[in-house]
Amino acid sequence: MSKRKVKNDHMPVGECITQVQKILRERLCHQQLPQKLVGVEAQHKHLLELLKRTAIHGESNSVLIVGPRGAGKTMLLKCVLRDLLEEKEVQKNLLQVYLNGLLQTDDRIALKEITRQLHLENVVGDRVFGSFAENLAFLLDALKKGDRSSSCPVLFILDEFDLFAHHKNQTLLYNLFDVSQSAQAPIAVVGLTCRLDVLELLEKRVKSRFSHRQIHLLSSLTFSQYLDQVQAQLSLAHDFPDTKFAEDWNAGIKTLCEDKSVEEVLQKHFNSSKDFRSKHMLLMLCLSRVSVANPAIKPADVLEASRLCLADAKANMLHGLSILELCLIIAMKHLNDIYEGEPFNLQMVHNEFKKFLQRKSNSMYNYDQPVVMKAFEHLQQLELIRPVDGSLAKTQREYQLMRLMLDHSQIMESLQKYPQCPTDVKQWAMSAFG
Amino acid sequence: MTYFTRQRVRRVYKWRGEPLSFNRKLKTYEYSSLAISVEGLARATIITTGQHILIEGEDDDNPYVARVVRLFGDESGKQKKAVVQWFVRVSEVPPFKLKLLGRKPHPQEIFYYQGRSCDDEVDAESILRPVQVKRLVGAAPFPDSDDKDTLYVKLSWDSKTFKVMESEPSLASSPPACPKPSLPPSPPCSPPAAALASRAPPRHVLPTPDPAVMRRATSGEVRCNGATMSTGKAGAMEAESLHSATKLSASKCLSSKRRNASARTPGVRKKLELCSPEKMTRDDMLLQLLDKELEKEAMLVQRPPSSPLHTLDLVERLTPIRRAHRAPVAKDAVPVTPSTLVINKLSASEMDSPPSSARDDSTRATTPSQKTEVKALKEPALGVLAEVDDENSPVLPAAITPRGSKRKSAQLVSSRIRKQLNLLDTQDLSSDGDDEDEFLPSKKEQQSSSEEEEAGLDSEEEVVMKRGRHTAAGSHTPRSKRKTRSSMRTPRKTPSKKTTPSTPRTPRHATPSIPSRSLPARQPANVLEEARERLHVSSVPESLPCREQEFQDIYSFVESRIIDGTGGCMYISGVPGTGKTATVHEVMRCLQRAADEDEIPPFHFIEINGMKMTDPHQAYVQVLQKLTGQKATADHAAALLEKRFDNPAPRKETTVLLVDELDLLWTRKQNVMYNLFDWPTRRHARLVVLTIANTMDLPERIMINRVASRLGLTRMSFQPYSFKQLQQIIMSRLNKAKAFEEDALQLVSRKVAALSGDARRCLDICRRATEICEHSATGLVGMSHVMEALNEMFSSSYIMAIKCASVQEQLFLRAVIAEFRRLGLEEATFQQVFVQHQALCRVEGLKPISVSEGLAVCQRLGACRLLLLEPSHLGVMQRIRLNVSQDDVLYALKAD
């Protein structure tokens, strides 16, 4: 065994850790495609065959991939394309056009993008790309000239498909679907959307031209599968340079996943959402706690990461408030209790606060009106309170009606954690009525 | 004969003499003769009744031929009309009908027209000039003359058959008894030679009256030329030969000035011929002559010499004037471009073949003798052309080009342009469709091109002039055209590229297309794949079953309008996928076939779609472009169309316009719809408008009264297909390919008929069923496969989505329902629902979630549209509604 091999087998821990973080980050953040899709084989097959027919037989098609956010729609499509492009026959024969409803916000931009991606602007040379109408006519001519057997199939991928349905007259969709239903250049239109009611957005003639193929990506994942996925995603592959380290790491991950507390945390996440993005988020937070001093993921890391993930944003914001602002919030809470959610104004809040000072307070003293006003405005800037929609801007600020944007549980939770909160304030908050 | 100019001068039409009679009823005056004079020129051409004339038509090279029967105008003198008897040229007879003739038609032959579909009343302002028509009887052979301006009539043509012309009074008595005091243009039917001989000398007032010219003109050598032209030409020839050595700068200035002034209007050339020869400058005649010879050359080059269509001796006769060669080529280059472009636009497909040969020709034309020159001018020529482009203002050409300095560049330009011209005019001719044989480079061509070099010094003058013309003629063309030309040039920049005709050449009118596939599409391999191909909506079926009645109605409507030469509107409604557009297309295909077989007069079918335009006013642009190939802005297009449909242009074909998705042409003032429906009502429009939309009562709902009234009451509605019809449609598409079980078909058609009656849906389901069947590897598509496909396409995914949601999401939905029940409303704020959610969590034994998490759950459900939410910035205050029925939610959650 060569010396180099030995050296390779036992890399310094620091290097190993760097390697691990690099590999896992790629998996979690770069959305590296998995070798094999789990749970969506049928959809994969359907889509693959559909696109293959377009590429090989020149059959026009349209299909929608529908699924909630983070269900793996794009991943499915990318996997299918990866598999599809492995075939030589397809490789040379398929043009792809990617559009995103968030980027191509109207048909004019979309048409330009299509022309660019099809490299048609080279054909027209330095012709100035004129009006929208000209663009449309140009593109339609281009597509019309093609026919089933001789032109190269074009794959149109419309991400955020539902947003295209909001374009004026749905011109783009109509024309794409119309091409797909007539003897013109073969195209496949693949739409990705998370809206289940997307077909209702389509105008009736656009809808009629759509083939009504929908691929639903609804993950019926069970918790054990979820656990397996987590374990697989954190494990290292066999080709890791330092085999010893890899074995140790994998064993560590295995015990981690069997740990009761970890399982509980993961169960909670699983209950909350099956979205792979939130899972990746959790795992990323765990991973970032790995260092030379802490070379493996421990259950405590997972708990901490979970705590960060599930932390309540508004309650966290309350921690940064001054005592006066906190007192105002508590006064508002009491007002809400008394008036059953009716809006309030600064004057009412201030009165409530003054009542508290008179009756119970021994650590707090009264503030001037301008100081209270300032605190009130700060709360409004933090959007912890919002003016009522109908209230006029003309009204004096003291009398502008406001609503509290916090839930009681959030207030109580943050009071528990507030550093050095005076006990009388706490008691006031917990008392039933001011 | 081809005139490459598209310039036009303003002609002034005046009645001559007192009206012969007055028609009280119609309030028209009848006149015996009409004087046409060209602005700026004193001479006038006189048109009298009985005379044969050329009438402006769509093809400037082949104007219509007719004989004046009557001339009349209204009291104010504003409207001048002529009643004419038409003649058709060989080129106007459909090619396949020419076979009936049983012999090769003489190129100068015309036929006495007896068809019905032509309006015999024309606007007098469309008259171009008189022409000579000779009648030949029986089997008399065509005179073997090389004249291009005498036309021969032998037979009559009634759009079906050729007949021997009976004793036609008009031709016999063609020299009418009209007064012609001292007016040179004679009634054309007098024996040409004699007439010329007698009349030529006085008419022949050239700037340089030359005995030689006279002699030649009178000697009858050129007797065959048209009355006025002949002398002009002869004179020009002579003048040319006499003055070849001298600089023609003075006259050139004059002529170029005039040309600039009249550059806007195409047809200056004709005008020059029309007007009297006295005013012709030597230049103009020179140009004419040159043009003429050039055409010959082009034709010669293009056709095999044996072609009977063109006589060759004229060329021979003209060749001695050597200098004539190079200049015309170059000169014509400019006027040609617009027309070629138009042609190309019109027939993009047709274009594919000619250019290659044309390019061949141009490349071959630059044979070794030229090589050196080509090399030399590669770089500088670009600059020169660019310079030409800049000269948009009509400056006197002599002023722009200092003689000495431009000498070389001028040469370059001339040769450059000449080359392009070769390309262009062969293309022009070949796309005229006479024949597209492979082109043989003639000796003449090479000769002239090699002469180019020697004559370079002399040609400078012409080049300068040509520049002036270039700018004048080109000033109204869009700039991109020049770009086009410069890009056309690029492929020939290097000698190696010269021989590759496949390089993309003229991008302007070349419609870009999707690149073609590298491997051929695979053909269907088994019965299921074949069925799938047939069932695709795009495949055009042999016939349209179940729409026979509608087909018949539309067919007879359009056919009757075409035959009568009238216009009309029809409104077709029906829900999507009921075959409206398909039926209309089928009707048009049938009518086109009928027109091809000459059962009905020819017509023009164009189609616009409201969804395929970005703005309702684009409709005008698209109609105009499809009708004439012109490009214009919406307003301009509307004006042009208005003019087109309003003017009593002669021999107009009926236009059938299909307007799909009519409702999208709605504008606030409804002027687009108004115009579309108003045009057919015009007397001369001959426009049939078929409109398609989805709603039956569209006219009542969105149209204001004056629009709805013009649309009329010819309506038709396509009912959704019944299940039997759907079944029949699938059967006819499958065409005996046995892929489906009977029951399966029935199930599909019944299901679709019950839902929408949309044939597209039906076909899509069948297609999907074949796919499913393919997986299960059974032979026929059975009930189970169809059921699966139906489920896939029609079942709502909400229930499945709820079942697949995470635990918290399901709980949240339950909390929503609980809150709704508590409130008795279908709406609640997040805060309220969240309280319920916390309670439910405790019941279920789950740890309560934080508000942020709860909001995230709520947002996820909102993104799927299981819930309808207010904007998320409202936080806990946002209101929540269910987008699914409560029962569905409960059902989905219970089944868990």
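Residues numbered from 1 in each chain as written. Chains lettered and ligands numbered in written order. Predicted model: local features only at pLDDT ≥ 70, side-chain atom pairs only at ≥ 80, totals over all residues. Heavy atoms only, no water.

Quick word on the overall build of chain B
Reasoning step 1: Within chain B one finds 35 helices and 22 strands.
Reasoning step 2: Out of the 896 residues belonging to chain B, those deemed buried represent 56%.
Reasoning step 3: In chain B, 72% of the contacts between residues at least 6 apart in sequence involve partners at least 24 apart.
Reasoning step 4: Working note: accessible area of chain B is about 37,100 Å², and carbon and sulfur atoms make up 54% of it. (Helix = DSSP H or I, 4+ residues; strand = E, 2+ residues; numbered from the N terminus. Buried < 20%, exposed > 50% of the residue type's maximum accessible area, 1.4 Å probe, protein only. Contact = heavy atoms within 4.5 Å. Areas by Shrake-Rupley, 256 points an atom, 1.4 Å probe, with all protein chains shown as cover.)

Quick look at the overall build of chain A
Reasoning step 1: When helices and strands are counted, chain A shows 22 helices and 7 strands.
Reasoning step 2: A fraction of 74% describes how many contacts in chain A between residues 6 or more apart in sequence connect residues 24 or more apart.
Reasoning step 3: Carbon and sulfur atoms provide 54% of the accessible area of chain A, an area that totals close to 20,000 Å².

Topic: the sheet that holds strand β18 (residues 687-693) of chain B
Residue and element names in this part refer to chain B.
Reasoning step 1: The strand order β16-β17-β18-β15-β19 describes an open sheet built from 5 strands, whose pairing is parallel. One side of each edge strand has no neighbouring strand; the edge strands of this open sheet are β16 (603-609) and β19 (715-718). Recorded for the sheet is a direction-independent mean angle of 15° between the axes of neighbouring strands.
Reasoning step 2: Where strand β17 (residues 654-660) and β18 come together, 5 bridges link them in parallel fashion. Bridge pairing links L657 to V689 in β18.
Reasoning step 3: Here helix α22 (residues 618-628) sits on the sheet and contacts β16 and β17; the angle it forms with β16, its principal contact strand, is near 150°. (Pairing = 2+ DSSP bridges. Axes fitted to C-alpha atoms, helices over the stretch in contact; angles between N-to-C directions.)

Points about the interface of chain B and chain A
Reasoning step 1: On the side of chain A, 91 residues touch chain B, which itself brings 75 residues to the contact.
Reasoning step 2: Carbon and sulfur atoms make up 52% of the surface buried where chain B meets chain A, a total of about 7,200 Å² over both sides.
Reasoning step 3: The interface formed by chain B and chain A holds 7 salt bridges in total.
Reasoning step 4: Of the charged contacts in the structure, one is a salt bridge between R205(A) and D663(B), with a shortest N-O distance of 2.7 Å.
Reasoning step 5: Our count for the chain B to chain A interface comes out at 29 residue pairs in polar contact (both at pLDDT 80 or more). (Buried area = accessible area lost by both parts, 1.4 Å probe. Salt bridge = Lys/Arg side-chain N within 4 Å of Asp/Glu carboxyl O. Polar contact = N/O pair within 3.5 Å; in protein donor to acceptor, adjacent residues only side chain to side chain.)

A closer look at the sheet that holds strand β4 (residues 33-38) of chain B
Residues and elements named next belong to chain B.
Reasoning step 1: The sheet built from 3 strands is open, its strands ordered β1-β4-β5 with antiparallel pairing. Across the chains shown, the open sheet's two edge strands, defined by having one partner strand only, are β1 (11-16) and β5 (44-48). Sheet twist, expressed as the average angle between the axes of neighbouring strands with direction ignored, equals 25°.
Reasoning step 2: The pairing of β1 with β4 spans 6 bridges and is classified as antiparallel. Paired with V12 across the bridge in β4 is S37.

Quick notes on unusual backbone geometry
Reasoning step 1: Not every positive phi belongs to a glycine, and E340(A) is a case in point at roughly 55°.
Reasoning step 2: Relative to the elements of secondary structure, E340(A) occurs in the loop between α18 (323-339) and α19 (346-359).
Reasoning step 3: Judged by its relative accessible area of 71%, E340(A) is exposed.
Reasoning step 4: Even without being a glycine, D598(B) presents a positive backbone phi close to 70°.
Reasoning step 5: Tracing the backbone shows D598(B) in the loop between α21 (580-596) and β16.

Things to note about the environment of R148(A)
Reasoning step 1: Structurally, R148(A) is set in the loop between α7 (132-145) and β3 (154-159).
Reasoning step 2: For the pair R148(A) and T54(A), spaced 94 residues apart in sequence, the C-alpha separation works out to 9.6 Å.
Reasoning step 3: If near-sequence neighbours (up to four positions away) are discounted, R148(A) is found in contact with H57(A), G58(A), Q184(A), P186(A), R517(B), A521(B) and E533(B).

A word on α21(B)
A turn of α-helix holds 3.6 residues, and therefore any two residues three or four places apart point the same way.
All names here are of chain B.
Reasoning step 1: Spanning 17 residues, α21 covers 24 Å between terminal C-alpha atoms, matching the ideal 24 Å at 1.5 Å per step.
Reasoning step 2: Turning to α21, its buried residues number three or more, namely K580, T581, T583, V584, E586, V587, M588, C590, L591, A594 and A595.
Reasoning step 3: If you follow the buried residues of α21, they end up packed against α20 (548-564), β15 (568-574), β16, β17, β18 and β19. (Expected span 1.5 Å × (residues − 1).)

Structural notes on the packing of aromatic side chains
Reasoning step 1: Overall, the coordinates contain 14 aromatic pairs over all chains when judged by the stated rule.
Reasoning step 2: An angle of 25° between the planes, with centres 6.2 Å apart, marks the rings of F223(A) and Y226(A) as stacked. Of this pair, F223(A) and Y226(A) both sit in helix α12 (residues 223-234), separated by 3 residues, roughly a single helical turn. Neither residue differs from the other here; F223(A) and Y226(A) are each classed as buried.
Reasoning step 3: Counting every residue linked through ring pairs, the aromatic cluster contains F161(A), F177(A) and F210(A).
Reasoning step 4: Taking NZ or CZ as reference, R547(B) lies 4.2 Å from the ring centre of Y721(B), over its face. (Phe/Tyr/Trp six-rings, centres within 6.5 Å; stacked < 30°, edge-to-face > 60°. Lys NZ or Arg CZ within 6 Å of the ring centre and 35° of its normal.)

Side note on the pattern of salt bridges
Pairs can form between side chains of opposite charge whenever their charged atoms are close.
Reasoning step 1: In total, this model carries 44 salt bridges over all chains according to the counting rule given.
Reasoning step 2: Here R767(B) makes a salt bridge to E59(A), at a shortest N to O gap of 2.7 Å. Of this pair, R767(B) sits in helix α29 (residues 759-776) while E59(A) sits in the loop between α3 (41-57) and β1 (61-66), which puts the two residues in different chains.
Reasoning step 3: Taking the relative accessible area as the measure of exposure, R767(B) reaches 2% and is therefore buried.
Reasoning step 4: Each of R53(A), E59(A), R213(A), D758(B), R761(B), D764(B), R767(B), R768(B), E771(B) and E792(B) takes part in one network of salt bridges that share partners.

Topic: the side chain of R532(B)
Reasoning step 1: For R532(B), the position within the fold is in helix α19 (residues 527-535).
Reasoning step 2: Excluding residues that lie within four positions of it along the chain, R532(B) makes contacts with R53(A), E59(A), R767(B), T770(B), E771(B) and E774(B).

Describing the packing of α12(A) against helix α15 (residues 276-287) of chain A
Residues and elements named next belong to chain A.
Reasoning step 1: Contact pair α12 / α15: the axes reach a minimum separation of 12 Å and the direction vectors enclose 45°. One element, α12, and the other, α15, form an angle in the oblique class. For the crossing formed where α12 meets α15, the hand is right-handed. Note on element contacts: α15 touches α12 through K279, H280 and L283, opposite Y226, Q229, V230, Q233 and L234.
Reasoning step 2: Tallied by class, residues from the contact of α12 with α15 come to 4 nonpolar, 3 polar and 1 charged. (Parallel < 35°, antiparallel > 145°, perpendicular 65-115°, else oblique. Left-handed = near helix turned anticlockwise from the far one by under 90°. Nonpolar A, V, L, I, M, F, W, Y, C, P; charged D, E, K, R; others polar.)

With respect to helix α22 (residues 423-430) of chain A
Residues and elements named next belong to chain A.
Reasoning step 1: Inspection of α22 places D424, V425, W428 and A429 among the buried residues, and these make up the whole buried set. One side of α22 holds all its buried residues, which, seen down the axis, span an arc of 140°. Opposite the buried face of α22, at more than 90 degrees from it, the exposed residues are T423, Q427 and M430. (Arc of directions from axis to C-beta.)

A look at the nonpolar core
Reasoning step 1: Formed by 74 residues in total, the largest nonpolar core has its most connected members in L173(A), F812(B) and L867(B).
Reasoning step 2: Setting aside residues up to four positions removed in sequence, L867(B) forms contacts with F812(B), L813(B), V816(B), C858(B), L861(B), G862(B), I880(B), R881(B), L882(B) and N883(B). (Core = buried A, V, L, I, M, F, W, Y, C linked by side-chain atoms within 4.5 Å.)

Thoughts on the confidence of the model for chain B
When pLDDT is low, close inspection of the predicted coordinates is not appropriate.
Residues and elements named next belong to chain B.
Reasoning step 1: Residues with a pLDDT of 70 or more make up 55% of chain B, whose mean pLDDT is 68.
Reasoning step 2: A low-confidence stretch, residues 168-214 stays under pLDDT 50, and its non-local contacts, those more than four residues away or across chains, total 77 contacts.
Reasoning step 3: Throughout residues 300-407 the model reports pLDDT below 50, and contacts reaching past four residues in sequence, or to other chains, amount to 226 contacts. (pLDDT = per-residue confidence, 0-100.)

Re the layout of surface pockets
Gaps left between atoms are located by rolling a probe of water-molecule size over the structure's atoms.
Reasoning step 1: In this model, the second largest pocket occupies a volume close to 1,500 Å³.
Reasoning step 2: If you go around the second largest pocket, you meet 48 residues; those closest to its centre are L37(A), V38(A), G39(A), V40(A) and M75(A).
Reasoning step 3: Counting residues per element, the ones that place at least two in the lining of the second largest pocket are α3, β5 (214-216), α12 and α15 of chain A together with α29, α30 (783-794) and α31 (798-804) of chain B.
Reasoning step 4: Among the residues forming the lining of the second largest pocket, the class breakdown is 18 nonpolar, 22 polar and 8 charged. (1 Å grid on protein atoms, 1.4 Å probe; cavity = no way out; pocket = protein on both sides within 12 Å on 5 of 7 lines; lining within 4 Å. Points joined across faces, edges and corners; volume = space filled by probe spheres on them.)

A word on the side chain of D758(B)
Reasoning step 1: Here D758(B) lies in the loop between α28 (742-755) and α29.
Reasoning step 2: Look at D758(B) and you get buried, because its relative accessible area is 5%.
Reasoning step 3: Within polar-contact distance, the side chain of D758(B) engages the side chain of S208(A) at 2.8 Å.
Reasoning step 4: Not counting the four nearest positions on each side in its chain, D758(B) is found in contact with S208(A), P576(B), G577(B) and V752(B).

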